[in-house]
Structures are given as structure tokens and as C-alpha cells.
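Single-letter residue listing:
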Amino acid sequence: MEMEFEKLTENVKDIKSLIHTFNSTLENIERRLSRLEKVDSIEHRVAVNQIDLSDIKDSLQRIENTHSSEIQHINRRLDSHLVKIAKAEEDLIILKTK
């Protein structure tokens, strides 16, 4: 009878250990999913900003046919701002992952 009790106790300990391992695995998965959600959110904002700026740039290029030299200057400045925004957003991503 005592041997059955010891075996049962051992089985319960094994089950507890498995549950603990399972919980640890779930916590790891949840942390990884949380990071992915943050990245998706940041990527979405980056995409929206790029689309908005691209639309502005396209409009300027259509107007460029009539006011060429002035618009080319604005176009170059817009390209410069696009690069600066992309770098700033990349820096934000790096900072948030630390």
C-alpha cells in the first residue's frame, strides 16, 4: 500500500513539473507575441506615413510640369524628410526593443 502511495506521489510531482514547464513555455510565447504586436503596430504607422508622403510627392510631381524649378526644390526637400522620418522610426523600433 505504501509503495502505491509513493508511486502516486511521484506521478503527482511529475505532473506538477510538466505543468510548470508548460506555463513557462506559454509565458515565452506570450512575450514573443507581445513583441510582434508592437512591431506590427509600428510597421503599420510607418506604412501609413510613407503612403501619405508618397501621395504628396506624386501630387507635387504632377504640378511640376507647370512650375518645374520651384517644385524640384520642394521635391528634394520632401525626399530628405522621408529619409529622416524613416531613420527616426527605425531608431524608435530599436529603442523599444531594448
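Residues numbered from 1 in each chain as written. Predicted model: local features only at pLDDT ≥ 70, side-chain atom pairs only at ≥ 80, totals over all residues. Heavy atoms only, no water.

Novice: Got a minute to help me understand the overall build of the protein chain in this structure?
Specialist: A tally of regular secondary structure across the protein chain gives two helices and zero strands. Looking at the protein chain as a whole, 9% of its 98 residues are labelled buried. Carbon and sulfur atoms form 58% of the exposed surface of the protein chain, whose accessible area is close to 8700 Å². (Helix = DSSP H or I, 4+ residues; strand = E, 2+ residues; numbered from the N terminus. Buried < 20%, exposed > 50% of the residue type's maximum accessible area, 1.4 Å probe, protein only. Areas by Shrake-Rupley, 256 points an atom, 1.4 Å probe, with all protein chains shown as cover.)

Novice: What is the right way to look at a negative patch on the surface in this model?
Specialist: Taken together, Glu 2, Glu 6, Glu 10 and Asp 14 make up a surface patch of like negative charges. Inspection of the secondary structure puts Asp 14 in helix H1 (residues 2-64). (Patch = residues over 30% accessible without salt bridge, like charges linked within 9 Å, V, L, I, M, F, W, Y side chains within 5 Å. Salt bridge = Lys/Arg side-chain N within 4 Å of Asp/Glu carboxyl O. Lys, Arg positive; Asp, Glu negative; His and termini not counted. Charge placed at Lys NZ, Arg CZ, Asp CG, Glu CD.)

Novice: What is the right way to look at a nonpolar patch on the surface in this model?
Specialist: Together, Phe 22, Leu 26, Ile 29 and Leu 33 give the surface a local cluster of nonpolar side chains, amounting to about 360 Å² of exposed area. Among the secondary structure elements, Phe 22 is positioned in helix H1.

Novice: What am I meant to see in the environment of Leu 53 here?
Specialist: Take Leu 53: it is sitting in helix H1. Leave out the neighbours within four places in its chain, and Leu 53 touches Leu 78, Leu 82 and Ile 85. (Contact = heavy atoms within 4.5 Å.)

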